[in-house]
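Examination of the molecular architecture
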Amino acid sequence: MADERITDAAPAEERDLSEQTRIRMDKLAALAGAGHDPYRITTFDKTHSSADVLADFEGLEECLASTDLIFEACSESWAVKSEVHGHVAKALDACGKDPVAICSGTSGLSITDIAGIYPERLRDRVVGMHMFNPPYQMPLCELIPTERTDPAFFDELAGYAHSRLLRTVVPVRDSPAFLGNRIGFHFINEALQLAEQYKDSGGIDYADAVFGSFSGRAMPPIVTADFVGLDVHKA
């Protein structure tokens, strides 16, 4: 089987990054260590180290055996997420590893339901960690506990997200769409409806121009819907 690789599509000098984004990424580079280029996604070879990015579930047990924090970021579909977490749960059982934290990047699915996929001993370690898009420019991060989450563990994870991941952490309840998207997607839907209403007078460009920078958003609403994906917006 050929090695699966993740590579950057454009060199750093071709990126259109704001000054604030560059400052944040420079901080990430400083934390990661000298010689790291935060503007480029490193090429990974899945056959050599625990830092590899796997293209499938082959080798998952070996990868998880040396992992303390698991972060899932996949399609905003319960069928997809439940399958992914199911594979992770089986691999953890097989390798005998109990990670410190199991985080889902879902923007609104139930963290309690995701925790239910795991064996009883691991359910109190499952937390939602929803980073707002684009994450390299937006520091906001919703952290979502369940009724099983230990407050001391939650506070420690929040501290890690703040100090190491440079996130502005907002604890929210495990409810549909959490907090940000309950407001945000209503706003985006209104923009989409207005774009349709005024499709002969500017449409999408007009709506995004009005509700983009004028409303203090880092990314205009309809561009946001396109950026995060229609699957996320529909969910």
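Quick summary incoming for the structure in this document. These numbers come from a predicted model, not from an experiment. (Residues numbered from 1 in each chain as written. Predicted model: local features only at pLDDT ≥ 70, side-chain atom pairs only at ≥ 80, totals over all residues. Heavy atoms only, no water.)

1. Remarks on the overall build of the protein chain
Operational definition: Note on conventions: DSSP H or I runs of at least 4 residues are helices, E runs of at least 2 residues are strands, and numbering of each starts at the N terminus. Buried means the residue's accessible area, taken with a 1.4 Å probe over protein chains only, is under 20% of the maximum for its type, while exposed means over 50%, and partly exposed covers the values in between. Contact criterion: two residues are considered in contact whenever any of their non-hydrogen atoms come within 4.5 Å of each other. Only the protein chains shown count as covering a residue, and every accessible area follows the Shrake-Rupley method with a 1.4 Å probe.
Broken down by element type, the protein chain carries 9 helices and 5 strands. In sequence order, the secondary structure elements of the protein chain are arranged as α-α-β-α-β-α-β-β-α-β-α-α-α-α. Sorting the 235 residues of the protein chain into buried and exposed places 35% on the buried side. Sequence-distant contacts, at least 24 apart, represent 65% of the contacts inside the protein chain between residues at least 6 apart. With the model as given, the accessible surface of the protein chain reaches about 13600 Å², and the carbon-plus-sulfur share is 54%.

2. Overview of the nonpolar core
Put simply, the test is: Nonpolar cores are built from buried Ala, Val, Leu, Ile, Met, Phe, Trp, Tyr and Cys residues. Side-chain atoms within 4.5 Å join them into one set.
Formed by 17 residues in total, the largest nonpolar core has its most connected members in L64, V88, L92, I102, Y118 and V126. Sorting the residues of this core by element identifies α2 (60-64), α3 (78-95) and α4 (111-115) as the ones contributing at least two each. With 4 residues, the single largest contributor to this core is α3. In contact with I102, other than residues within four places in its own chain, are I70, H85, L92, Y118, L122, R125, V126 and V127. Formed by 11 residues, the second largest nonpolar core is a distinct cluster that contains C103, F153, A158 and A161.

3. Some remarks on the packing of aromatic side chains
How we decide: Note on aromatic pairs: the rings of Phe, Tyr and Trp (six-membered ring only in Trp) are paired at centre separations within 6.5 Å, and the planes decide the class, stacked below 30 degrees, edge-to-face beyond 60, tilted for the rest.
This model, assessed by the stated rule, comprises 2 aromatic pairs. Between F187 and F211 the ring centres are 5.7 Å apart and the planes differ by 90°, which places this aromatic pair in the edge-to-face class. Of this pair, F187 sits in helix α6 (residues 180-197) while F211 sits in helix α7 (residues 203-211), and the two are 24 residues apart along the sequence. Given a relative accessible area of 25%, F187 falls into the partly exposed group.

These figures capture arrangement, not role.
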